[in-house]
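Residue-level structure breakdown
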Amino acid sequence: MEGIELDCIMVHVLEAGLTFLEANNPKNRPSVKGFNIINGQLADSSDGATFESRNPALLNDVLGAFPLSTKVDVDAALDAAHAAFPAWSATPAPTRGQIIGNMGRLLMEHKDDLVRLQAREIGKTLKECGGEIQEAIDTCLFFQSEGRRLYGQTVNSELPDKELFTYRRPLGVCGIINACNFPSAVPFWKMIPAIMCGNTCVWKSPQDSPLLSFALARIMHQAGLPDGVINLVHGKGSGAGQHLINAVDEGRVNKISFTGSTAVGKMIGEVCGRNLVSCSLELGGKNPLVIMPSANLENAVEGAYWAGFGTAGQRCTSLGNLIIHKDIYDEFVAKLMDKVRSTLIGDSLEHEGVLYGSMLSEKYAKDFLEVIQMCEQDGATKLFGEGRITSDNKPSGFVGTAEDGVFMWPHVYAGVTEDMRCFHEEMFGPAITLVKADDFEHGLHLANASPYGLSSAIYTNDRLEAYRFKTGIKAGMTGINNSTTGAEAHLPFGGVKGSGNGTRESGIWVIEAYSYWHAVNDELSGKLQLAQMDVDEIEMVEAEVRWDELV
Ligand code: UN1
């Protein structure tokens, strides 16, 4: 189509069979008709229904129309995953790892285009999208080699001429459901270890990032992934996502891996629990960051500011309660507010140097505006923030035309105490709550007082305080003199309490979530030897030393 600017990834996507839509897109960006990928083949939804993907930083930029998948489509994807399982699970793990390595190399080759596509589809900054695609690459490179390990053990038997072994076995068909805030790294955290262990997947892409998900799934196939190992279905959480969960009750799913809200996670946990099906649940957070007087305050301000407002506060690991020791409270808040007031916000595809872009979608914006109302209702004092940015209501650091997208002011609420709802609720947007602590013990108490336990952090130069925080906090992740965000791709990621069910993503730990241990004994003696009963008895020798005479 003349005049349309195609980047490499878009050419790639189009070569895969997508077609242009006639759309009057601004900036001559392409708009496509997208598909599910089932058994390696492009597929429409069974009833032809579609939904749109829109750029939240430029709302009349339509990326395309995608299948609104039905139960029939989800069932077809599950059929394909089941059919592919025997051959894929029998493929040597090093070969599976090699394909995963190819995925990493292809992501590197197409990184710049994927970064732009991701920024266009969910409004995160180019810098952050770059970090995220890198996280997906790191995951592939880590698990490429894991395919050459995936160790089991040889274990000594208590009986002669008998050997014991352990093997890691795949679980079967995995249902993958992720949120759109980390639409590359998080599905890779899930699917890469899943397929490395020999499982097959049905991936329900996030409703707000279908084109990026399509591009990633194509790259996975281009890397040499056999058809049916990963099947992609687009649609809504309440539609295709729910059909995938319902399939657990039908006995068609062996694992669900979900990243999203605690409410949905609990529902999934119930369905999986009653079917004895394994599930990995990465849920919400109200991540605390404690600032102590001995901290380097400049450094602490940087960390708190980034943790609160980077990604427009839309990370699971974003800062929630900023807990500041009373002795440095005024000084710290003054420094922090200087930064908050000068925050640069805008569409990163158009403006360099912005700290954060739009909200992930209109829906995220709406939910955020609702939840922050709670702060003032609870009696917190608003230090900064006026809701949605418009041409008549914008902070000095906003660049661009506000009405083009869904942009939010940064919000800071002070005077928050443990008895307020806003102390306990995740806000998932650019808003932090300031809490004053009397001393270290009080700070630690406050850090533990929310119903969540995902990430946490402390700024202190007192080693004993750092130690006591590390041992006293109940959280899956803790930063010392660092922000609450930015977990690396080879450390275990996950939470406790309301933040998850204790499973972990990333590194070697995630392998537990996608495999089971199979214990095998090989009886070589040619006879029946009974464990515990036919074991040689050892006679203890009477003590020759008269201990009683020595005292
Ligand atoms: C998420 O928000 O779901 O630790 C993932 C971090 C990122 C991943 C966040 N590496 O902030």
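In short, a report on the structure. Nothing here was measured: the structure is a model prediction, and the numbers come from that model. (Residues numbered from 1 in each chain as written. Predicted model: local features only at pLDDT ≥ 70, side-chain atom pairs only at ≥ 80, totals over all residues. Heavy atoms only, no water.)

Turning our eyes to something else, we now look at the overall build of the protein. In terms of regular secondary structure, the protein is built from 16 helices and 23 strands. The C-alpha radius of gyration computed for the protein amounts to 26 Å, which stays within 12% of the reference 24 Å derived for 551 residues, consistent with globular compactness. When the backbone C-alpha atoms are referred to their principal axes, the protein occupies close to 90 × 70 × 40 Å. By the burial criterion, 56% of the 551 residues in the protein qualify as buried. By sequence separation, contacts in the protein at least 24 residues apart represent 74% of the contacts at least 6 residues apart. Counting every atom, the protein has about 23000 Å² of accessible surface; 50% of that belongs to carbon and sulfur. If you average the places of the 46 positive and of the 70 negative side-chain charges in the protein, the two averages end up 3 Å apart. (Helix = DSSP H or I, 4+ residues; strand = E, 2+ residues; numbered from the N terminus. Rg over C-alpha atoms; globule rule 2.2 N^0.38 Å. Buried < 20%, exposed > 50% of the residue type's maximum accessible area, 1.4 Å probe, protein only. Contact = heavy atoms within 4.5 Å. Areas by Shrake-Rupley, 256 points an atom, 1.4 Å probe, with all protein chains shown as cover. Lys, Arg positive; Asp, Glu negative; His and termini not counted. Charge placed at Lys NZ, Arg CZ, Asp CG, Glu CD.)

One pass over the full model with this rule turns up three cavities of 30 Å³ or more. Computed from the structure, the largest cavity encloses a volume of approximately 100 Å³. If you go around the largest cavity, you meet 15 residues; those closest to its centre are Gly313, Ser318, Leu319, Met427 and Phe428. Tallied by class, the residues present in the lining of the largest cavity amount to five nonpolar, seven polar and three charged. (1 Å grid on protein atoms, 1.4 Å probe; cavity = no way out; pocket = protein on both sides within 12 Å on 5 of 7 lines; lining within 4 Å. Points joined across faces, edges and corners; volume = space filled by probe spheres on them. Nonpolar A, V, L, I, M, F, W, Y, C, P; charged D, E, K, R; others polar.)

Over the atoms, a rolled probe matching the size of one water molecule traces out where space is still vacant. The computed volume of the largest pocket comes to approximately 1000 Å³. If you go around the largest pocket, you meet 40 residues; those closest to its centre are Ala179, Gly260, Ser261, Val264 and Tyr364. Taken together, the elements giving at least two residues each to the lining of the largest pocket come down to helix H8 (237–249), strand E12 (255–259), helix H9 (262–275) and helix H12 (362–377). No other element matches H12, which puts six residues into the lining of the largest pocket. Classifying every residue of the lining of the largest pocket gives 18 nonpolar, 13 polar and nine charged. Space inside the second largest pocket adds up to approximately 560 Å³. As for the second largest pocket, its lining consists of 30 residues, of which Glu128, Gly131, Phe182, Trp306 and Arg315 are closest to the centre. At eight residues, the largest contribution of residues to the lining of the second largest pocket is made by helix H5 (residues 126–146).

Using the criterion set out here, one finds 25 salt bridges in the structure. Across the pair arginine 29 and glutamate 350 runs a salt bridge, and its minimum N-O distance is 3.3 Å. Residue arginine 29 is found in the loop between strand E1 (19–20) and strand E2 (32–33), and its partner glutamate 350 is found in the loop between helix H11 (329–341) and H12; the two are separated by 321 residues along the sequence. For arginine 29, a relative accessible area of 13% gives the class buried. Given the relative accessible area of 38%, glutamate 350 is considered partly exposed. Measuring nitrogen to oxygen at the nearest pair gives 2.7 Å for the salt bridge that ties aspartate 249 to arginine 274. With aspartate 249 in helix H8 and arginine 274 in helix H9, this pair connects stretches of sequence that are 25 residues apart. When its relative accessible area of 38% is taken as the criterion, aspartate 249 is described as partly exposed. Beyond isolated ion pairs, a larger network of salt bridges with shared partners links Lys27, Arg29, Asp61, Arg120 and Glu350. (Salt bridge = Lys/Arg side-chain N within 4 Å of Asp/Glu carboxyl O.)

Relative to the helices and strands, arginine 315 is located in the loop between helix H10 (297–309) and strand E15 (319–325). Note on arginine 315: relative accessible area 15%, which makes it buried. Leaving out residues up to four positions away in the same chain, arginine 315 has contacts with Glu128, Asn181, Phe182, Trp306, Phe428, Thr485 and Gly486.

Moving on, we get to the site of the ligand. Around the ligand lies a shell formed by Glu135, Asn181, Phe182, Val186, Trp189, Arg315, Cys316, Thr317, Thr485, Gly486, Ala487 and Phe493. In the environment of the ligand, an oxygen atom lies 3.3 Å from a nitrogen or oxygen atom belonging to the side chain of asparagine 181. One of the backbone nitrogen or oxygen atoms of cysteine 316 is found 2.8 Å away from an oxygen atom of the ligand. When the ligand is considered free in solution it has 320 Å² of accessible area, and contact with the protein chains removes 98% of it. Mapping the ligand onto the cavity grids shows that it belongs to the second largest pocket. Both of domain 1 (11–282) and domain 2 (287–489) provide at least three residues apiece to the shell around the ligand. (Near = heavy atom within 4 Å. Polar contact = N/O pair within 3.5 Å; in protein donor to acceptor, adjacent residues only side chain to side chain. Sits in = over half its atoms within 2 Å of the grid points. Domains from an automatic or database assignment.)

A separate point is the packing of aromatic side chains. Scanning all chains against the criterion turns up eight aromatic pairs. Relative to phenylalanine 143, the ring of phenylalanine 142 has its centre 5.0 Å away and its plane inclined at 75°; by these criteria the two rings are edge-to-face. Classification of phenylalanine 143 by relative accessible area gives buried; the value is 2%. Taking 5.1 Å as the distance between ring centres and 65° as the angle between the ring planes, the aromatic pair formed by phenylalanine 398 and phenylalanine 407 counts as edge-to-face. When its relative accessible area of 7% is taken as the criterion, phenylalanine 398 is described as buried. The class of phenylalanine 407 is buried, set by a relative accessible area of 2%. (Phe/Tyr/Trp six-rings, centres within 6.5 Å; stacked < 30°, edge-to-face > 60°.)

In this section: helix H1 (residues 8–15). Within the sequence span of H1, burial applies to Ile9, Met10, His12, Val13 and Leu14. Contacts made by the buried residues of H1 are with E1, E2, helix H4 (111–122) and helix H7 (210–222). At the C-terminal side of H1, glycine 17 shows a positive phi close to 115°.

Among the nonpolar cores identified, the biggest contains 67 residues, and Leu289, Ile291, Leu322, Ile324, Phe332, Leu336 and Leu434 are the most heavily contacted of them. A per-element tally of this core places H10 first, with seven residues. If near-sequence neighbours (up to four positions away) are discounted, phenylalanine 332 is found in contact with Ile291, Leu297, Ala300, Val301, Ala304, Leu322 and Ile324. (Core = buried A, V, L, I, M, F, W, Y, C linked by side-chain atoms within 4.5 Å.)

A large share of strand E14 (residues 287–291) lies buried, amounting to five of its five residues. Covered by surrounding structure in E14 are Asn287, Leu289 and Ile291 together with Pro288 and Val290, the residues of both alternating faces. The pairing of E14 with E15 spans four bridges and is classified as parallel. Counted as the bridge partner of isoleucine 291 is isoleucine 324 from E15. Crossover handedness for the path E14 to H10 to E15: right-handed. Where E14 and strand E20 (residues 457–459) come together, three bridges link them in parallel fashion. Counted as the bridge partner of valine 290 is isoleucine 458 from E20. (Pairing = 2+ DSSP bridges. Right-handed = clockwise from strand over helix to strand, strands pointing away.)

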